[in-house]
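A look at the structure
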Amino acid sequence: MGIRDLLKLFARAIGLWWREFAFLLVLNLLWLLAQVTVVLGPPATAALVAVAGRVADGNLTDFGDFWGALRANFVAAWRWGLAQWLAYGVLGFNLVAYADREGVGILALRYAWTLLAFAWFAVNLYFWPLHFEQADRRFATTLGNAVKMALLNADLTLICALVALAFIAASVLSGFLLGAVLGTWLALWTSLVVRRFLGKA
């Protein structure tokens, strides 16, 4: 798969979102509200990707599928959620704690921590789409496969992560995109990308 294919999947994700505009708009708002509750945040993210997979397959989908996936993946989602808190918490703490320090070594560490945070973000774009494509859905297995996928497709993973970060920034700044598109579009796009890497799309 090349950059052109990646852009085609980008456009396809937008097309899928537009086709299910009303449903996915409400679903995105539900996902945002779930993040505010904290407790439902990770399970709602897992459920959003599960529903995105059904939409990508052309299956009839409703809110019952979302709630069903949320309940079914609650424990697995919180294993993933705790890993996010731990990874970003440690890296963020290091960046803040050493913000006033000077020296070449400290500067190198800052770059290393930032790159690690970016790499963790990139790998986790693949986590939930892979989770739902696998028979073995253990956390360590899925994370390991996500790392392998990122390394085997390093150039495209870099582009995916940069586009995703740019879209997140634009969504937060605009407000409208955050409420209408952000979660559902990312779920659709990453699901399509993972399937293409696996030779399923």
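Not measured: the values here are computed from a predicted model.

Time to look at the overall build of the protein chain. Looking only at helices and strands, the protein chain features 10 helices and 0 strands. Each helix and strand of the protein chain, placed in order from N terminus to C terminus, yields the pattern α-α-α-α-α-α-α-α-α-α. On C-alpha atoms alone, the protein chain measures out to a radius of gyration of 17 Å, which is about the 17 Å that the 2.2 N^0.38 rule sets for 201 residues. With the C-alpha coordinates aligned to their principal axes, the bounding extent of the protein chain is approximately 55 × 40 × 40 Å. The buried share among the 201 residues of the protein chain stands at 43%. Summarising the internal contacts of the protein chain: among those between residues at least 6 apart in sequence, 69% fall at separations of at least 24. Accessible surface, the protein chain as shown: approximately 10500 Å² in total, 71% of it carbon and sulfur. Treating the 15 positive side-chain charges of the protein chain as one cloud and the 10 negative ones as another, the clouds have centres 4 Å apart.

Further remarks concern the packing of aromatic side chains. Overall, the coordinates contain 16 aromatic pairs when judged by the stated rule. Ring plane angle 50 degrees and centroid distance 5.5 Å describe the contact between Trp18 and Phe21, whose orientation is recorded as tilted. Judged by relative accessible area, Phe21 falls into the partly exposed class, the value being 34%. The interplanar angle of 70 degrees and the centroid separation of 5.1 Å between the aromatic rings of Phe66 and Trp67 together place this pair among those described as edge-to-face.

On to the nonpolar core, then. With 57 residues, the main nonpolar core has Tyr126, Leu188, Trp189 and Val193 as its most contacted residues. If near-sequence neighbours (up to four positions away) are discounted, Tyr126 is found in contact with Ala146, Met149, Ala150, Thr157, Cys160, Val193, Val194 and Phe197.

In this model helix H3 (residues 41-56) runs 23 Å from its N-terminal to its C-terminal C-alpha over 16 residues, within 8% of the 22 Å that 1.5 Å per residue would give. The buried fraction of H3 amounts to 15 of the 16 residues, a majority that puts the element mostly inside the structure. The first or second residue beyond H3 is Gly58, which carries a positive phi of 80 degrees.

Now for the packing of helix H1 (residues 3-19) against helix H8 (residues 154-174). At their nearest, the axes of H1 and H8 sit 10 Å apart, and the two run at 35 degrees to each other. In the crossing of H1 with H8, the sense of the turn from one axis to the other is right-handed. On the side of H1, the interface is formed by Ile3, Leu6 and Phe10, while H8 contributes Leu156, Ile159, Cys160 and Val163. Taken together, the residues of the contact of H1 with H8 sort by class into 7 nonpolar, no polar and no charged.

Applying the stated criterion to the full structure yields 6 salt bridges. Note that Arg195 is salt-bridged to Asp57, the shortest N-O span being 2.5 Å. Note that Arg195 is positioned in helix H10 (residues 182-197) and Asp57 in the loop between H3 and helix H4 (63-72), a separation of 138 residues in sequence. Note on Arg195: relative accessible area 11%, which makes it buried. The partner of Asp136 in a salt bridge is Arg138, and the shortest N-O contact between them spans 2.7 Å. Asp136 sits in the partly exposed class, given a relative accessible area of 30%. Residue class for Arg138 comes out exposed when judged on its relative accessible area of 56%. Several salt bridges converge on common partners, so that one network encompasses Asp57, Glu133 and Arg195.

Under the counting rule described, the total for this entry stands at 1 cavity of 30 Å³ or more. Looking at the largest cavity, its volume works out to about 40 Å³. Residue lining of the largest cavity: Ala76, Arg79, Phe127, Trp128, His131, Arg137, Arg138, Phe139 and Thr142, and that is the complete set. For the lining of the largest cavity, the elements supplying multiple residues, two or more each, are helix H5 (74-97), helix H6 (104-133) and helix H7 (139-152).

Criteria and thresholds
- Counting from 1, residues in each chain are numbered in the order their sequence is written.
- Note on the predicted model: pLDDT of at least 70 is required for a residue's local features to be given, and 80 or more for side-chain atom pairs to be given and counted; whole-chain, interface and lining totals, by contrast, use all residues.
- Excluding hydrogens and water, the side-chain figures rest on all heavy atoms present in the structure.
- Helix and strand definitions follow DSSP, with helices as H or I runs of at least four residues and strands as E runs of at least two, each counted in order from the N terminus.
- Our radius of gyration is a C-alpha quantity, and the globule rule it is checked against amounts to 2.2 Å times the number of residues to the power 0.38.
- Relative accessibility under 20% of the residue-type maximum defines a buried residue, over 50% an exposed one, and the middle range a partly exposed one, all with a 1.4 Å probe and only protein chains included.
- Residue contacts follow a heavy-atom distance rule, with two residues in contact if any of their heavy atoms lie within 4.5 Å.
- Method for areas: the Shrake-Rupley scheme with a 1.4 Å probe, in which residue coverage is limited to the protein chains shown.
- The convention is simple: Lys and Arg are positive, Asp and Glu are negative, and His and the chain ends are not counted.
- Where a charge lies is defined by one atom per residue type, namely NZ (Lys), CZ (Arg), CG (Asp) and CD (Glu).
- Classification of ring pairs uses Phe, Tyr and Trp, with its six-membered ring standing for Trp, and accepts pairs whose centres are within 6.5 Å; under 30 degrees between planes counts as stacked, over 60 as edge-to-face, and the remaining range as tilted.
- We define the nonpolar core as a collection of buried residues of types Ala, Val, Leu, Ile, Met, Phe, Trp, Tyr and Cys that are connected through side-chain atoms lying within 4.5 Å of one another.
- Each helix should span, by expectation, one fewer than its residue count multiplied by 1.5 Å.
- With axes taken as lines fitted to C-alpha atoms, and helix axes fitted only over the stretch in contact, angles between N-to-C directions fall between 0 and 180 degrees.
- Crossings are assigned a handedness: left-handed for a near helix turned anticlockwise from the far helix by less than a right angle, right-handed for a clockwise turn.
- Under the scheme applied, nonpolar residues are Ala, Val, Leu, Ile, Met, Phe, Trp, Tyr, Cys and Pro; charged residues are Asp, Glu, Lys and Arg; polar residues are all the others, including Gly.
- For this analysis, a salt bridge means a side-chain nitrogen from Lys or Arg found within 4 Å of a carboxyl oxygen belonging to Asp or Glu.
- Within this scheme a cavity is a closed region of a 1 Å grid, computed over the protein atoms alone, that accommodates a 1.4 Å probe without allowing it to escape, whereas a pocket is open but has protein on both sides within 12 Å along at least five of seven lines; lining residues each have an atom within 4 Å of a point.
- Grid points are joined across faces, edges and corners, and a volume is the space filled by probe spheres set on the points.

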